[in-house]
Amino acid sequence: MKKLTLPLTSKEVKELHSGDSVLLSGIILTARDCAHRRIKEIMERGEKLPFEIEGAYIYYAGPCPAKPGMASGSCGPTTSARMDSFAPALLDAGLGGMIGKGEMSKEVREAVVRNCKVYFAAIGGAGALYAEAIKKSECIAFPDLLSEAVYRLEVENFPAVVAFDCYGQSIYD
């Protein structure tokens, strides 16, 4: 199992292959459907996003409220295909990669390759496990969306699998 610290360098991305098991540490952002729609609208208007997209990793999840002593409540992945219409533009804008559940479209895979990025798969139904990997959580954009807001998570040993690598290989093939 490879231990990686986000953000990844281009060299590190090129060393990853679909099917590799990894433990991610560093900063990830959460964003689900509603947040993605807002991000797209802001980008289409040519306005500055309320957070840096360059090199960021977006986890398709919405954290539940934290229990006492925890940084986050359960935080399992949502279905990544719901972000298919947003991911290519974000990757083209400099997004470092995504983390989610399940296969994404051919267009997303092509954008991953074109931009030399990576898509990691998280384990559905393991929200409590992922909550343990979250060391800090802070809402950084769109608080009115509640759990679908954009959160900045500091994670340590967050388990994932390389789903799409920068060579176009997929664990779903």
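All figures in this text were calculated on a predicted structure; none of them were measured in a lab.

(A) Highlighting the nonpolar core. Counting 58 residues, the largest nonpolar core has Tyr59 and Phe120 as its most contacted members. If one sorts the elements of this core by residue count, strand E7 (residues 150-164) sits on top with 9 residues. Filtering out sequence-adjacent residues up to four positions away, Tyr59 remains in contact with Ile28, Leu29, Thr30, Ala31, Cys75, Gly76, Pro77, Ile99, Ala122, Tyr130, Leu153 and Phe158.

(B) Expanded view of the environment of Val112. Examined against the element boundaries, Val112 turns out to sit in helix H4 (residues 106-114). Dropping the residues within four chain positions of it, Val112 is found in contact with Leu91, Met98, Lys117, Val118, Phe164, Asp165 and Cys166.

(C) Focus on the UniProt feature "domain: Fe-S hydro-lyase tartrate dehydratase beta-type catalytic" (unreviewed entry) in the protein. Under the present numbering, the feature "domain: Fe-S hydro-lyase tartrate dehydratase beta-type catalytic" (unreviewed entry) in UniProt falls on residues 7-172. Helix makes up 23% of residues 7-172 and strand 27%. Its end C-alpha atoms lie 25 Å apart.

(D) Summary view of the side chain of Ser170. As for its position among the elements, Ser170 is in the segment after E7. At 2.9 Å, the side chain of Ser170 and the backbone nitrogen of Tyr172 are in polar contact. Setting aside its immediate chain neighbours within four residues, Ser170 contacts Ser18, Glu103, Arg109, Ala163 and Phe164.

(E) Expanded view of unusual backbone geometry. For the bond running from Leu6 to Pro7, omega is 0°, close enough to zero to count as cis. As for its position among the elements, Pro7 is in the loop between strand E1 (2-5) and helix H1 (10-14). Even without a glycine there, the phi angle at Cys116 is positive, about 55°. Its identity is not glycine, yet Phe142 carries a phi of approximately 60°, on the positive side. One can find Phe142 in the loop between strand E6 (134-141) and E7.

The rules we used
Residues numbered from 1 in each chain as written. Predicted model: local features only at pLDDT ≥ 70, side-chain atom pairs only at ≥ 80, totals over all residues. Heavy atoms only, no water. Core = buried A, V, L, I, M, F, W, Y, C linked by side-chain atoms within 4.5 Å. Buried < 20%, exposed > 50% of the residue type's maximum accessible area, 1.4 Å probe, protein only. Helix = DSSP H or I, 4+ residues; strand = E, 2+ residues; numbered from the N terminus. Contact = heavy atoms within 4.5 Å. UniProt positions renumbered as here; feature names shortened; annotations may be inferred. Polar contact = N/O pair within 3.5 Å; in protein donor to acceptor, adjacent residues only side chain to side chain.

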